[in-house]
Amino acid sequence: MSLVDAPPRGLPEGGLKLMRSIAGPYFDRRWDIHERGQGNVPEHGPVILASNHIGWLDGPLLFMKSPRPAHALVKEEEFVGKTGRLLKFVGQIKVSRTRTDTGALRRAAQALAASQVVLIYPESTRGAGDFEKFKGGVTWLALVSGAPIIPIAIFGTRQAGEPSETKAPKGARLDIVYGKPLQFPMQAWPRDREILEDAGEQIHEHLRSHVTWSQNVLKRELPGPLPRGSSDG
């Protein structure tokens, strides 16, 4: 194979797969995890997982339980000490929450070009989990890559009135619901504001509708806003 024909280089997955195999069974023993709609996640090709974000456990939970190994955009503050070394080892993507981090988006786009899975939290921070907050990074990735967006609704990792750093107690029921994909044609340079705004509106509504549908089906409630003085993670 020539260099011209070489496939795009993605993010390393050896550490990611190893950690899932080692720690995944612990999650199943620790919590009562229920998953629904895993078949909505394509078995091959690029995929964007777009999850709501209600508590600290959301990230580790999807890291271990998503149908395919996923490279999440993780706030840069976590990339220090032992935690930072672990996140690098398992191929997660460092991202700034205070600015438009084009470097992080490019790394995520490269992973998608290599037919990998990227996990993003469009709300940007932990909170009510209803997708009322919405950042545009997921729109950019969807248009650049042409990858399907799979909405995810998580319930149980935080209860009403609890701060964002709360750890779900042993045996707690945790629900993960994967929704129907939403996909747009690839736009190599999505600079047209009208295209971006239209796609963003469709994605935002798709995510909100999925959370509402999941609540109705599971008969579960979201925890609501974080208590005053609680860090948004």
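Our structure is the block above this text.
Residues numbered from 1 in each chain as written. Predicted model: local features only at pLDDT ≥ 70, side-chain atom pairs only at ≥ 80, totals over all residues. Heavy atoms only, no water.

> Looking at this structure, I do not really get the packing of helix α1 (residues 14-30) against helix α2 (residues 58-65). What am I missing?
A packed helix pair is summarised by two numbers, namely the angle formed by the two axes and the spacing between the axes. Interaxial distance between α1 and α2 falls to 8 Å at its minimum, and their mutual angle equals 110°. Between α1 and α2, the crossing angle belongs to the class labelled roughly perpendicular. Handedness of the crossing formed by α1 with α2: left-handed. Contacts from L16, M19, R20, A23, G24, F27 and D28 of α1 reach α2 at P60, L61, L62, F63, M64 and K65. When its residues are assigned to classes, the contact of α1 with α2 shows nine nonpolar, one polar and three charged. (Axes fitted to C-alpha atoms, helices over the stretch in contact; angles between N-to-C directions. Helix = DSSP H or I, 4+ residues; strand = E, 2+ residues; numbered from the N terminus. Parallel < 35°, antiparallel > 145°, perpendicular 65-115°, else oblique. Left-handed = near helix turned anticlockwise from the far one by under 90°. Contact = heavy atoms within 4.5 Å. Nonpolar A, V, L, I, M, F, W, Y, C, P; charged D, E, K, R; others polar.)

> Where do I start with α2 in this structure?
A large share of α2 lies buried, amounting to six of its eight residues. Buried residues of α2: D58, L61, L62, F63, M64 and K65, and no others. Elements in contact with the buried residues of α2: α1, β1 (32-36), β2 (47-51), β5 (117-120), β6 (149-155) and β7 (173-178). (Buried < 20%, exposed > 50% of the residue type's maximum accessible area, 1.4 Å probe, protein only.)

> I keep staring at the nonpolar core and nothing clicks. Help me out?
Across soluble globular proteins, you tend to see nonpolar side chains buried next to one another. Ranked by size, the top nonpolar core spans 64 residues in total, and within it I48, L49 and L141 carry the most contacts. Once residues lying within four places of it in the same chain are set aside, the contact partners of L49 are V41, S66, A70, V117, V118, L119, I120, I150 and I152. (Core = buried A, V, L, I, M, F, W, Y, C linked by side-chain atoms within 4.5 Å.)

> Could you clarify how one ought to interpret a positive patch on the surface in this entry?
A cluster of basic residues, K82, R85, K88, K94 and R107, forms a positive patch on the protein surface. Summarising the element assignment, R107 is placed in helix α4 (residues 102-113). (Patch = residues over 30% accessible without salt bridge, like charges linked within 9 Å, V, L, I, M, F, W, Y side chains within 5 Å. Areas by Shrake-Rupley, 256 points an atom, 1.4 Å probe, with all protein chains shown as cover. Salt bridge = Lys/Arg side-chain N within 4 Å of Asp/Glu carboxyl O. Lys, Arg positive; Asp, Glu negative; His and termini not counted. Charge placed at Lys NZ, Arg CZ, Asp CG, Glu CD.)

> Please clarify how the packing of aromatic side chains should be interpreted in this entry.
Two numbers describe a pair of aromatic rings. These are the distance of the centres and the angle of the planes. The tally for this structure, following the rule as stated, stands at three aromatic pairs. When the centroid spacing of 6.0 Å and the interplanar angle of 80° are considered together, the rings of Y26 and F27 count as edge-to-face. When its relative accessible area of 8% is taken as the criterion, F27 is described as buried. An aromatic cluster is built from Y26, F27 and W31, whose rings are joined through pairwise contacts. The side chain of R30 reaches across the aromatic face of W31, ending 5.9 Å from its centre. (Phe/Tyr/Trp six-rings, centres within 6.5 Å; stacked < 30°, edge-to-face > 60°. Lys NZ or Arg CZ within 6 Å of the ring centre and 35° of its normal.)

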